[in-house]
Amino acid sequence: MLEQMSTRVLACMQCGKCTGSCPESGKTPFNIRMLVRKKQFAAAIAEELPWYCTSCGACTLRCPRDVKPSEVIIELRSALVEDGLMPLALQKALENTAVQKNPWGKSRGKRGVWADKLDIEIPHVSDTESKRLLFTCCIQAYDPRCMVIPSNVARILNKGGLEFGILGEEEGCCGNEIRRIGEAGLNEELQEENKAIMEEYGVKEIIALSPHCMNAFKKEYGDLGIKVTHYTEIVADMIREGTLTVQAPFEKKVIYHDPCFLGKQNGIFEAPREILRAIDGLTLMEFARSRETSLCCEGGGGRMFFEVETTYERNAEVRVNEAVEKGAEVIATACPFCVMTLEDPATEKGITVKELSEILVEVI
Amino acid sequence: MKNVLVVGGGIGGITAALEIASCGVDVTMLEEGPSIGGRMIQLDKTFPTLDCSTCTLSPKMVEVALQKKINLLSWAKPVAIRKNGKGFTVTILKKSRYVDINKCNACGSCSPGCPVVMKSEFNMGTGPRKAIYIPFPQAIPNKASIDKRTDRPCKAACVDACPIHTNVLGYLKHISEGRFEDAYMLIRETNPFPSSCGRVCYAPCEGVCNRGQLDSPLAIRDLKRSAVDRFDLDTLEPPQVQKTERKVAIIGAGPAGLSCAHDLAMEGHDVTVFETLPEPGGMLRYAIPEYRLPKAELDKEIGYIRRMGVKIECGIEIGKNMDAATLKNDYEAIFVGTGAPQGIRLGVEGEDLSGIMDGLKFLRTVNKGESLERESLSSHSEREGVAQPALLVEGATRAPLIGNKVAVIGGGNTAVDCARTAKRLGSEEVTLIYRRTRQEMPAADEEVEALIHEGVKIEFLATPVRFNGSNGKVSTAECIRMELGEPDASGRRRPIEIKGSEFSVPVDTVITALGQATETDFLNPLGVKLRKNGTVEVDPFTCTTSVEGIFAGGDVTTGPAYVVDAIAAGKKAACFIIKFLKGEALVAESIDAKPEKLSEDEVKALSIWVAKADRIPMPEEEINQRVTNFREVALGYSAGEAMTEARRCLAGQIEGCIQCGECERRCEVRAVDYNMKDEIIDLDVDSIVLAPGFDLYDPTEKREYGYGTLEGVITGIEFERICSVTGPTGGDILLKGETPKRFFFIQCVGSRDRLSGARYCSRVCCMYTAKHASIVKDRIRDAEIYISYIDVRAYGKNYEEFYKSTQENGILYMRGIPGEVVQGKNGLLVRVEDMLSGEMREVEVDLVILATGVRPRKGTEELCNIMSIERDEYGFIKANSVAPSKTNVDGIFVCGMGSGPKDVPDTVASGGEAASRCMEYINQ
Ligand SMILES: Cc1cc2nc3c(=O)[nH]c(=O)nc-3n(C[C@H](O)[C@H](O)[C@H](O)COP(=O)(O)OP(=O)(O)OC[C@H]3O[C@@H](n4cnc5c(N)ncnc54)[C@H](O)[C@@H]3O)c2cc1C
Ligand code: SF4
Ligand code: SF4
Ligand code: SF4
Ligand code: SF4
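Keep in mind it's a predicted model, so treat the numbers as computed, not measured.

1. Re the site of ligand 2
Point 1. Taken together, 13 residues lie around ligand 2, and Cys12, Cys15, Gly16, Cys18 and Cys63 of chain A are the ones closest in.
Point 2. The residue makeup of the shell around ligand 2, split by class, is 8 nonpolar, 2 polar and 3 charged.

Set out below in C-alpha cells:
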C-alpha cells in the first residue's frame with residue numbers, strides 16, 4: 001500500500017489540476033499540489049497543513065495521473081496522528097469515537113432516542129421482512145439541529161409505504177470521517193463492528209441518511225453484498241412511481257447545494273433535484289458552481305470537529321452570499337455536514353437552510 | 001495496369017495518392033465525406049509558419065481532381081475485402097448524394113431555397129448548412145449533396161392539392177423552427193399574394209393534409225398568415241431584372257391578372273394592367289369584406305407588384321374607354337383576367353323593387369365605402385408580433401344603403417359575406433334564405449359557423465317566389481318551403497317546392513347572391529371564342545385562347561372559383577406568355593400529380609411514433625366585439641403557437657432532407673434525383689494505403705470545464721472555424737455578435753490523461769494553441785490572452801522559435817491547468833494555480849478554448865476489422881516501428897493521423913513513406 005502510494009506520488013506531473021480544483025488551496029496556506037511535490041522529494045511538511053483538506057475529493061476525481069492527492073493527505077495525517085501531532089479537538093473526537101462510537105462522545109445508549117419521540121413505531125431491523133436498514137449519521141443521531149432529519153425521513157418513507165428498520169443503540173459511527181482524519185486503526189474497528197452487526201441481522205439494504213455514511217458503506221467496506229442508497233434516491237423513486245405524492249405547495253425560491261459526498265463523489269445529482277422539482281410552487285435555483293463543480297462547504301475530512309487557525313472567507317459564507325444575491329429564500333441540501341456549516345452564516349444573513357426532508361415533511 | 005486504393009482524402013491520403021499517381025499507377029481514392037481535404041482544410045492557418053491552410057492545401061486538392069490517374073469517389077468507403085493473389089478485392093459502398101455529379105455545376109442555386117437547416121460538419125457545428133449543400137467553396141468534388149436520411153413519412157398531399165404547388169412542408173419547417181421570414185420568402189417564391197391567401201384561401205391543402213388521417217390537418221393557411229404577420233413586405237426590395245422591352249397587356253387587375261403581371265415582370269417584360277374599377281385587386285378588394293381581408297394588406301401586395309415596374313391603369317374599361325383591337329396592335333401579348341363580376345337574377349316577380357340589390361354590388365359598395373358615413377373604428381386588439389390590420393374603407397353604416405330587416409338569398413360564400421357584412425352594418429335582423437340544407441351549402445364550413453355565431457338566422461329549404469312592396473319599396477319576401485328530391489347535375493339533391501307551404505318574411509332590404517357570370521362581350525371584336533355560358537374557351541394547360549397571343553385565366557374562363565385558382569391560372573399564363581414571346585412551342589410539360597393518401601399501414605406505423613396533437617385553433621375576436629365593426633376577425637397566431645402548430649407537420653418529423661422539391665425546382669440543369677440509390681462496387685487493387693485521419697476528444701464529460709453547458713467554452717477546432725474566412729463569421733472572431741477581449745486557452749484537454757483514456761500526448765495541441773493565440777493577437781490587438789499548460793512541447797526546428805515569438809507577442813503563458821471553469825458575474829471564471837508563482841487565480845474571461853486531444857477517427861475500428869488490421873491500445877492503426885507505414889497485413893499501408901498523432905509536415909512525410917513502400921510492394 002505504502003509502496004503504491006509513493007509510485008503514485010512520483011507519477012505526479014505537477015499539472016496543477018488538483019490545486020485548481022481544491023476548495024482550500026489558495027485561500028488558506030494549504031496547497032495540495034505543493035504537498036504532493038514535497039512528498040515526491042520526502043521534504044518536510046509543516047504539521048498544520050494537512051488538516052485543511054476537507055476530503056471533498058475534487059483533486060482525486062480530476063487528477064490526470066491518478067495520484068489521488070486526497071489519499072496522500074490521509075497518509076500524511078496518519079503519520080501525524082501516530083505522533084499525536086493533531087488539533088486537540090480532533091484528538092478528542094477520535095477518543096470519543098473509540099469509546100462511544102460517535103465523535104461527540106454522547107452516550108451510545110442514546111443513539112436511537114430520535115425514534116422514541118416519533119408518532120410511528122419503527123421496528124428493529126431484525127424484525128423487518130425486508131431487512132432494510134435506515135442508517136443514521138452521528139450528527140443526526142445527537143445534534144439537536146439535525147435530529148429532526150431521521151424522524152422526518154422515517155415519516156416520509158413510512159408514508160410511501162416502505163418497510164424499514166433501525167439498529168438503535170447498536171448502531172455506531174460508519175468511520176468515513178475517522179478514516180479521513182487518519183486514524184486507520186479506529187476506522188477498521190468501526191467497520192468490523194458494523195459489519196458484524198449487519199451480518200448478524202442479515203441486513204440486505206442500507207438507506208443511508210447521510211452521504212458520508214453512504215460513501216463509506218458503498219466504497220470502503222469492501223463487498224458487503226448489501227444494496228446501499230441515499231434516502232433521496234428512494235424518495236425520488238417513490239415520487240416518480242406515485243407511491244408518495246406531494247400534496248401541498250411550497251411557495252419559495254429554493255437553491256440547492258450539492259454535498260460533495262453525494263454529488264461529485266457519488267454522482268447523485270438528479271434525485272434531490274427531482275424531488276424539489278416535484279413540489280408545486282417551489283422555484284428551483286442553481287448556484288453558479290453546482291453539480292460537479294459544487295463548492296465544498298468545508299464540513300468534511302474532520303473539519304466539522306475543529307477550527308483551523310487561519311481566518312478567511314469560509315466557503316459556507318461564499319455560498320450563502322451567492323444564495324442571497326440570487327434572491328433565494330431557502331438553501332436546501334441533503335447532508336447533515338452541509339446543514340451544520342451553512343446554518344451559521346445563513347442565520348446571520350437571514351436566509352433559511354433546510355435539509356431536503358424538512359421541506360418534504362411540510363408538503364406530503 | 002496496377003491500381004492502388006487510398007482510403008481517406010485528408011492531407012495524408014492526398015499526398016500518398018499524388019505520389020503514387022505520379023509514378024504512373026492508377027489510384028482509386030475513397031473519401032467518406034462529401035469532399036476531400038480532411039481536417040487540414042478546416043484549419044485557418046498552419047503552425048509554425050502561420051501560412052493560410054486553404055492556400056496550401058487547395059492546389060493539392062485541385063491536383064487530385066485534375067490528375068487523370070486518380071479516380072476520386074466521394075461518399076465512399078470500403079465495407080469488405082478479400083485477398084486476391086498478391087492484391088485485394090475491395091467492396092466499396094458509395095452512398096448516394098442525390099445529386100447527379102455529372103450534371104451539377106456548383107452554381108449554388110439550390111441551397112438558399114432549402115428549408116432544412118442543419119449543423120455544418122465542416123464548421124464543427126459553429127454554423128449552419130442546408131440539407132442540400134456544398135460543404136465549402138473549395139470542395140473537391142465541387143458538387144452539391146443532399147443529406148437525405150429517410151424517406152418522408154408523409155405523401156405531402158398538401159403540395160399536390162395546392163393549385164400553385166406551394167412548398168407547404170418547406171415553409172412549415174421554417175416556421176416550426178421560428179424562421180418566419182424564411183418561411184415568408186419561400187411562400188413568395190410561388191405566390192405573390194401570401195397575405196391574401198394566408199387569410200382567405202379556401203385551403204384545398206388542408207382538406208387532404210395527410211396528418212388529417214392521424215388526428216387533424218395542419219393549419220396550413222393560418223400558418224401562412226403567421227409568416228406574413230412577421231414580415232413587412234414594404235421593406236422588401238424587388239429584384240433587379242434585365243428589362244426586355246417586350247410589351248404585354250393585362251386586362252383585369254384581379255389575382256389572375258396581377259399574378260400574371262408579377263411573373264412577367266420578374267422576367268423583365270413591360271407589363272400594363274388595365275382595370276375598370278378605381279383600384280386594383282378585383283374581388284380581393286371589392287367582394288371580400290374587410291373583416292376577412294384588411295385592404296391595407298392587399299395594398300402592400302399590390303404595391304410590391306407596382307414597385308416591380310408593373311403599370312396599373314385603373315378606371316379603364318376595355319370595350320368602352322379603349323377598344324380591344326388597339327390593345328392587340330400595341331402589345332405583343334394579352335392576358336384576359338376579367339373574372340365573373342355579374343350577379344345573376346332570381347327571376348321572380350317584384351325583383352326590381354327598390355331595396356332589392358345584387359350581392360356583389362352590395363359588397364362592392366361597402367368595400368368602396370360609397371354612401372356610407374364614417375364610424376369610429378377602434379384599433380385592433382394588440383397581440384404580440386401581429387401586424388395591425390388596417391381600418392376599413394372610409395366609414396361604415398347602414399343608412400341609406402341597408403335596412404333593419406335584411407334577407408340574403410343564396411348559400412354560397414358571397415351570400416355569407418353579404419349576411420355577415422349586413423350584420424356589421426347594424427341591421428338588427430339578418431336572415432339567410434337557402435333552397436337546400438346546411439349540408440349542401442357551398443360556403444366554407446367555418447364561414448357558416450361564424451355566421452351563425454354572429455347571430456344570422458338561416459331559413460333552410462326555402463326560396464322566395466315573389467317580393468311585395470309598397471311605394472315601390474320592398475316590404476315582404478314571399479317564400480315557399482322546399483324538400484330535397486333526386487340529385488341534379490351538380491350531384492346535390494334537387495330542391496322541390498312543397499305545394500301550399502308559402503310563408504312571408506317581412507323585409508326592408510333583400511340581397512341576392514345566387515351566382516356570378518362573366519362579361520366578355522368586349523372580346524368579340526378580337527374573335528376570341530367563347531363558351532355558351534360566356535366564359536372564354538382556353539386550353540387549361542397553357543391558358544391559350546383561340547386567338548394567338550391572347551391568353552386568359554381565372555374566373556373568366558372557369559366561372560366563379562377561388563383566389564388561388566386565379567393566381568395559378570395567372571402564373572401559368574405568364575409562363576406560356578414568356579415562351580410565346582421567345583417563340584417557343586406552347587406545349588404543357590408536366591401533368592400535375594394528384595394528392596395521395598397514406599395507406600392504412602402507413603397511418604398505423606406513424607401513430608406509433610408520432611404523438612397525437614390536435615390543431616391549434618386560430619385566436620379570434622370575440623363575437624360581441626366583432627359584429628359592431630369591420631376589424632379582422634382572425635387575430636393571428638403568436639410566434640409560439642405558430643411554431644407548435646407547424647411542428648405537427650409529418651414531413652418535419654424526420655432529420656435531414658424532407659423532399660420538399662425546392663432544390664429540384666431551382667436546379668436549372670436538373671441534377672437533383674431523390675431516387676438515387678446507394679451503390680456497391682467491387683474493385684480489384686494491388687495495394688491499399690489507409691489514411692483515415694482523426695477525430696477530436698469530446699470534452700463534454702469533463703464537466704468541470706462546462707463545455708456544452710457554459711456559453712463561451714469551445715474547442716480548438718471550433719475556434720479554428722470561427723477564425724477562418726470560410727467559417728460562419730467570415731473570419732471575425734465573435735461571441736454572441738460581439739468581439740471577445742479576454743481569452744483563456746487550456747491545453748491537454750483529453751490528452752496525457754488517464755480519465756479520458758488517452759495517456760499519450762496529442763502532439764499538435766501546444767502548437768495549435770500558440771497559433772490560435774497568435775491569430776487572436778493579430779486580429780484583436782488589445783486582447784488579453786492566457787495559455788495554461790503543463791509543459792509546452794515545441795520540439796524541433798522552428799517550433800521553439802514560434803513558441804518564443806508567441807510569448808513575445810504578449811501572450812501570457814501560465815503553468816498549471818485549471819481545475820474548473822464556472823460562470824462569473826461578468827464572464828467565465830477560470831480557477832487555476834499559477835504554479836510558477838504559487839498563486840491561485842480566478843481569471844475572468846470571455847472565451848475559454850479547450851485544446852482537445854486527438855482520437856482515432858470514428859470508423860477506424862470498422863475499417864481495421866474488415867481488413868484484419870491490428871490497432872494499438874488507443875485504437876490507432878498499429879504501425880511497424882522501423883517502417884512506420886507498414887501494418888500487420890502485407891500490402892496494406894498507413895499514413896497520417898490514422899496511426900497516431902502527427903502534425904501536417906509529419907503527415908506529409910508519412911504519406912510519402914507510405915507511397916514509396918506501396919510502390920515497392922506492387923513492383924516486387
Ligand atoms: C485544432 C487543430 C489545429 C491544427 N493545426 C495544425 C497546424 O497549424 N499545423 C499543422 O501542421 N498541423 C495542425 N493540426 C494537425 C493536422 O490537422 C493533421 O496533422 C492533419 O490533418 C492530418 O491529416 P490526415 O490526412 O492524417 O487526417 P485527416 O485530415 O483527418 O483526413 C482523413 C480523411 O479520411 C477520411 N476517411 C476516414 N475514414 C475513412 C474511410 N473508412 N473511408 C473513406 N474515407 C475515410 C476522412 O473523412 C477525412 O477526410 C491541427 C489539428 C487540430 C485538431
Ligand atoms: S492533479 Fe495529479 S498530476 Fe496534477 S499536480 Fe495534482 S497530483 Fe500532480
Ligand atoms: S480533497 Fe478537496 S480539500 Fe482535500 S486536497 Fe483534495 S481538493 Fe483539496
Ligand atoms: S428537397 Fe427540400 S428539404 Fe430536401 S434538400 Fe431539396 S430543398 Fe432541401
Ligand atoms: S403533414 Fe405536412 S407535408 Fe404532410 S400533408 Fe400535412 S402539411 Fe403537407
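2. Remarks on the domain arrangement of chain A
All names here are of chain A.
Point 1. One can read the domain layout of chain A as domain 1 (2-82), domain 2 (97-236) and domain 3 (247-363).
Point 2. One C-alpha centre belongs to domain 2, the other to domain 3; they are set 22 Å apart.
Point 3. Facing 32 residues of domain 2, the contacting portion of domain 3 comprises 32 residues.
Point 4. Both faces considered, domain 2 and domain 3 share a buried interface measuring about 2,500 Å² in area, 71% of it formed by carbon and sulfur atoms.
Point 5. Where domain 2 packs against domain 3, one counts 2 salt bridges.
Point 6. Across the pair Arg145 and Glu358 runs a salt bridge, and its minimum N-O distance is 3.2 Å.
Point 7. At the junction of domain 2 and domain 3, the tally comes to 12 residue pairs in polar contact (both at pLDDT 80 or more).
Point 8. Ranked by the residues each element gives to the side of domain 2 that touches domain 3, the list is headed by helix 9 (residues 148-159), at 7 residues.
Point 9. Per-class residue counts for the side of domain 2 that touches domain 3 are 15 nonpolar, 8 polar and 9 charged.

3. Quick look at the interface of chain B and chain A
Point 1. Counting residues at the interface gives 23 residues for chain B, matched by 26 residues for chain A.
Point 2. Summing both sides of the interface, chain B and chain A together bury roughly 2,000 Å²; the carbon and sulfur share of this comes to 48%.
Point 3. In this structure, the connection of chain B to chain A is made through 7 salt bridges.
Point 4. For Arg754 of chain B, the salt bridge is made with Asp66 of chain A, and the minimal N-O distance between the two is 3.5 Å.
Point 5. For the interface between chain B and chain A, the tally reads 17 residue pairs in polar contact (both at pLDDT 80 or more).
Point 6. Mapped onto the side of chain B that touches chain A, the elements with two or more residues apiece are strand 35 (820-823) and strand 36 (828-834) of chain B.
Point 7. Residues of the side of chain B that touches chain A, tallied by class, amount to 9 nonpolar, 4 polar and 10 charged.

4. Some thoughts on the side chain of Glu206 of chain B
Residue and element names in this part refer to chain B.
Point 1. Turning to its location among the elements, Glu206 is positioned in helix 8 (residues 204-208).
Point 2. Look at Glu206 and you get buried, because its relative accessible area is 11%.
Point 3. Excluding anything up to four places from it in sequence, Glu206 contacts Pro217, Leu218, Ala219, Ile220, Arg221, Asp222 and Arg615.

5. Some details on the pairing of strand 3 (residues 227-230) of chain A
Residues and elements named next belong to chain A.
Point 1. Where strand 2 (residues 205-208) lies against strand 3, 4 bridges are found, and the strand directions are parallel. In the strand pairing of strand 3, Ile206 is matched with Val228.
Point 2. In terms of handedness, the path from strand 2 via helix 12 (residues 211-220) over to strand 3 forms a crossover that is right-handed.

6. So, helix 1 (residues 11-22) of chain B
Residue and element names in this part refer to chain B.
Point 1. Given a rise of 1.5 Å per residue, 12 residues ought to cover 16 Å, and the 16 Å separating the end C-alpha atoms of helix 1 matches this to within 8%.
Point 2. Among the 12 residues in helix 1, 10 count as buried, and that is most of the element.
Point 3. In this structure, the buried side of helix 1 is in contact with strand 1 (3-7), strand 2 (26-31), helix 2 (53-66), strand 5 (70-74), strand 29 (687-690) and helix 27 (904-923).
Point 4. Just downstream of helix 1, Gly24 is the residue with a positive phi angle, here 85°.

7. Remarks on the environment of Gly9 of chain B
Residue and element names in this part refer to chain B.
Point 1. Relative to the helices and strands, Gly9 is located in the loop between strand 1 and helix 1.
Point 2. As for Gly9 and Leu690, which are separated by 681 residues in sequence, their C-alpha atoms are 9.8 Å apart.
Point 3. Residues in contact with Gly9, not counting those within four places in the same chain, are Ile14, Met29, Leu30, Glu31, Ile36, Gly37 and Gly38.

8. Digging into the pattern of salt bridges
Residues and elements named next belong to chain B.
Point 1. Under the definition given, this model contains 102 salt bridges over all chains.
Point 2. A salt bridge links Asp263 to Lys571, with the nearest nitrogen and oxygen atoms 3.0 Å apart. Here Asp263, found in helix 10 (residues 255-266), pairs with Lys571, found in helix 18 (residues 563-582); they are 308 residues apart in sequence, far enough to count as distant. Across the pair, exposure class does not vary: Asp263 and Lys571 are buried alike.
Point 3. With a shortest N-O distance of 3.1 Å, Arg742 and Glu844 are connected by a salt bridge. Linking Arg742 in strand 32 (residues 742-749) with Glu844 in strand 37 (residues 839-845), this pair joins segments that are 102 residues apart in sequence.
Point 4. Take Arg742: its relative accessible area is 18%, and that puts it in the buried class.
Point 5. Through salt bridges with shared partners, a single network forms among Arg292, Asp417, Arg420, Arg424, Glu447, Glu454, Glu620 and Arg626.

Definitions and cut-offs
Residues numbered from 1 in each chain as written. Chains lettered and ligands numbered in written order. Predicted model: local features only at pLDDT ≥ 70, side-chain atom pairs only at ≥ 80, totals over all residues. Heavy atoms only, no water. Near = heavy atom within 4 Å. Nonpolar A, V, L, I, M, F, W, Y, C, P; charged D, E, K, R; others polar. Domains from an automatic or database assignment. Contact = heavy atoms within 4.5 Å. Buried area = accessible area lost by both parts, 1.4 Å probe. Salt bridge = Lys/Arg side-chain N within 4 Å of Asp/Glu carboxyl O. Polar contact = N/O pair within 3.5 Å; in protein donor to acceptor, adjacent residues only side chain to side chain. Helix = DSSP H or I, 4+ residues; strand = E, 2+ residues; numbered from the N terminus. Buried < 20%, exposed > 50% of the residue type's maximum accessible area, 1.4 Å probe, protein only. Pairing = 2+ DSSP bridges. Right-handed = clockwise from strand over helix to strand, strands pointing away. Expected span 1.5 Å × (residues − 1).

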